[in-house]
Amino acid sequence: MRLDKYLKVARLVKRRTLAKELCDAGRVKHNGRVAKAGSDITIGSLLTLAYGNKEIDIRVMQIFNQARVDVANTMYDVLAERRVEQALIQKEFLDEDN
């Protein structure tokens, strides 16, 4: 499944276009590398999302094409959640890629 669609179905973001914009801005990592919206997600993938003033590490547990609200939160497991200053988020993501 595409990364942007997974983020939408799992309700980590409200809209698929927002998920694509996050990926295009370099604020989503897939297995430690900056991810494109079309990256293929599999069970066990590690994702890091940086939005707002927080950064979240999750592991993909299940993949569904559609999911109700009560099922969507079973699609991933939150490994860590950090509050980060806005200016540091982009810098950390860019520094780790080099």
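Residues numbered from 1 in each chain as written. Predicted model: local features only at pLDDT ≥ 70, side-chain atom pairs only at ≥ 80, totals over all residues. Heavy atoms only, no water.

Turning our eyes to something else, we now look at the nonpolar core. Ranked by internal contacts, the top residues of the largest apolar core, which has 24 residues, are Leu3, Tyr6, Leu7, Leu12 and Leu47. Looking at this core, the elements with two or more residues in it are helix 1 (3–9), helix 2 (16–24), strand 3 (46–51) and strand 4 (54–60). Ranked by the residues each element gives to this core, the list is headed by helix 1, at four residues. Discounting chain neighbours no more than four positions away, the residues touching leucine 3 are Cys23, Val28, Ala35, Lys36, Ala37, Ser39, Ile41 and Leu47. (Core = buried A, V, L, I, M, F, W, Y, C linked by side-chain atoms within 4.5 Å. Buried < 20%, exposed > 50% of the residue type's maximum accessible area, 1.4 Å probe, protein only. Helix = DSSP H or I, 4+ residues; strand = E, 2+ residues; numbered from the N terminus. Contact = heavy atoms within 4.5 Å.)

What follows covers the sheet that holds strand 2 (residues 33–34). The sheet built from five strands is open, its strands ordered 2-1-3-4-5 with antiparallel pairing. Where the open sheet ends on each side, the last strands, each with one partner, are strand 2 and strand 5 (76–83). Taken together, the two bridges between strand 1 (residues 28–30) and strand 2 define a ladder with antiparallel strand orientation. Considered in strand 2, the bridge of histidine 30 is made with arginine 33. (Pairing = 2+ DSSP bridges.)

Looking at helix 2, one finds that the buried residues are Ala19, Leu22 and Cys23. Each buried residue of helix 2 lies within a common arc of 100° when the element is viewed along its axis, so the set occupies one face. Summarising the geometry of helix 2, the exposed residues directed more than 90 degrees from the buried face are Thr17, Glu21 and Asp24. On the buried face of helix 2, the contacting elements are helix 1, strand 1 and strand 3. Glycine 26 lies just past helix 2 and shows a positive phi near 80°. (Arc of directions from axis to C-beta.)

In this section: the side chain of aspartate 4. Take aspartate 4: it is sitting in helix 1. Since its relative accessible area comes to 3%, aspartate 4 is described here as buried. With sequence-adjacent residues up to four places away left out, aspartate 4 is seen in contact with Arg16, Ala19, Lys20 and Ala37.

Take the pattern of salt bridges next. If you walk through the whole model with that rule in mind, you get seven salt bridges. For arginine 82, the salt bridge identified is with glutamate 55, shortest N-O distance 2.4 Å. Taken together, the positions of arginine 82 in strand 5 and glutamate 55 in strand 4 put the pair 27 residues apart, joining distant regions of the chain. Connected through shared salt-bridge partners, Arg2, Asp4 and Arg16 make up one network. (Salt bridge = Lys/Arg side-chain N within 4 Å of Asp/Glu carboxyl O.)

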